[in-house]
Structure formats: C-alpha cells, structure tokens
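Chain by chain, the residues:
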Amino acid sequence: VQLQASGGGLVQPGGSLRLSCAASRDIASINVMGWYRQAPGKERELVARIGSSRVRNYADSVKGRFSISKDNAKNTLYLQMNSLKPEDTAVYHCNARIVAVGLPSVDYWGQGTQVTVSS
C-alpha cells in the first residue's frame, strides 16, 4: 500500500487544517488507518485512528479538536484539525495497518506532511 499525505502548512493558533492521505488501493478492507505525528526531538505518537468498522480513537491531547474520517470510494483518509495550538506542530504521517489471521500485522507509512502552528 502506498500512502500520499498532503494538506499540511503554516497556520496561526486557533486555525484549522485538513490533512488528506490518498491510498494506492481499496481502503475499505484495511483493518486500521491512522495519523501519527512526530515533533522535533520527540517520539512519534498516535494522533487518531479509525478501524474498518469506523470505530475511532484519539489521543487525549486532540480530543474535541481533531476528527478522523475516511472516504472508501476515494480511498482517502482525512484528519480535520481545528483550534490548532503551537504544540500541534509536527510532521504528520498517515498509517495503514493490515492484519491477517495467524500472521504479524504489517504497517505502511506515508511520507509525512509538515504542520506548523505559529503566529
């Protein structure tokens, strides 16, 4: 699975951005897709993820501000980010995790898109 993330940029605190992640194949059957971020000097962390049944999970730091969704017809994952804060500044990566019965899960990663929140 190839993943192409886009939509990052420079935004002022309190602003909004929508990230997109286009997949090279049908995403309806992908077990879990998600967004991770990595700030300079910090480890990569989970931001939000969505399962094939559309169950969503969010990091506590983004609950109520970010929303993850996907469009199976367009094979695209989204992350709507509102009320952005400087601490949201990071490179955001999309992820696809495929789980096969009896086999280890396999993770696929996009190249990342930079989000900078600054006045």
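Coordinates for the structure precede this section.
Residues numbered from 1 in each chain as written. Predicted model: local features only at pLDDT ≥ 70, side-chain atom pairs only at ≥ 80, totals over all residues. Heavy atoms only, no water.

Participant: Explain the overall build of the protein to me, and be specific about the residues and the numbers.
Facilitator: If you tally the helices and strands in the protein, you get zero helices and eleven strands. Listed by position from the N terminus, the elements making up the protein come as β-β-β-β-β-β-β-β-β-β-β. Taken over the C-alpha trace, the protein has a radius of gyration of 14 Å; the compact-globule value for 119 residues is 14 Å, and the two agree within 12%. Summarising its shape, the C-alpha atoms of the protein cover approximately 50 × 30 × 25 Å along the three principal directions. For the protein, with 119 residues in total, the buried portion stands at 39%. For the protein, long-range pairs separated by at least 24 residues make up 52% of all intrachain contacts whose partners lie at least 6 apart in sequence. Placing the 14 positive and 8 negative side-chain charges of the protein at their respective mean positions leaves the two points 4 Å apart. (Helix = DSSP H or I, 4+ residues; strand = E, 2+ residues; numbered from the N terminus. Rg over C-alpha atoms; globule rule 2.2 N^0.38 Å. Buried < 20%, exposed > 50% of the residue type's maximum accessible area, 1.4 Å probe, protein only. Contact = heavy atoms within 4.5 Å. Lys, Arg positive; Asp, Glu negative; His and termini not counted. Charge placed at Lys NZ, Arg CZ, Asp CG, Glu CD.)

Participant: Break down the nonpolar core for me, with residues and values.
Facilitator: Grouped together as the largest cluster of nonpolar side chains are 29 residues, with contacts concentrated most on Trp35, Leu79, Met81 and Tyr92. Mapped onto this core, the elements with two or more residues apiece are strand S1 (3–6), strand S3 (17–23), strand S4 (32–38), strand S5 (45–51), strand S7 (66–71), strand S8 (76–81), strand S9 (90–98) and strand S11 (113–117). Setting aside anything within four residues of it in sequence, one finds tyrosine 92 in contact with Leu19, Trp35, Tyr36, Arg37, Val47, Phe66, Leu79, Met81, Gly112, Thr113 and Val115. (Core = buried A, V, L, I, M, F, W, Y, C linked by side-chain atoms within 4.5 Å.)

Participant: Please provide a residue-by-residue account of the pattern of salt bridges, values included.
Facilitator: Scanning all chains against the criterion turns up five salt bridges. Note that glutamate 45 is salt-bridged to arginine 37, the shortest N-O span being 2.7 Å. In this structure, the salt-bridge partner of aspartate 88 is arginine 65, at a minimum N-O distance of 2.8 Å. Residue aspartate 88 is located in the loop between S8 and S9, and its partner arginine 65 is located in the loop between strand S6 (56–58) and S7; the two are separated by 23 residues in the primary sequence. Arginine 65 sits in the buried class, given a relative accessible area of 11%. A single salt-bridge network, built from bridges that share partners, covers Arg37, Glu45, Arg65 and Asp88. (Salt bridge = Lys/Arg side-chain N within 4 Å of Asp/Glu carboxyl O.)

Participant: Hey, could you go over the side chain of serine 20 for me, with residue numbers and the actual values?
Facilitator: Within the element layout of this structure, serine 20 appears in strand S3. For serine 20, a relative accessible area of 17% corresponds to the buried category. When residues no more than four places from it in sequence are discounted, the contact partners of serine 20 are Gln4, Ala5, Ser6, Trp35, Thr76, Leu77 and Tyr78.

Participant: Can you break down the sheet that holds S3 residue by residue, with the values?
Facilitator: Pairing is antiparallel across the open sheet formed by four strands, whose spatial order is S1-S3-S8-S7. A strand with exactly one partner marks an edge of an open sheet, and here the two such strands are S1 and S7. Geometrically, the sheet is characterised by an average inter-axis angle of 15° between neighbouring strands, direction not taken into account. Where S3 lies against S8, six bridges are found, and the strand directions are antiparallel. The residue bridging cysteine 21 from the neighbouring strand is leucine 77, located in S8. (Pairing = 2+ DSSP bridges. Axes fitted to C-alpha atoms, helices over the stretch in contact; angles between N-to-C directions.)

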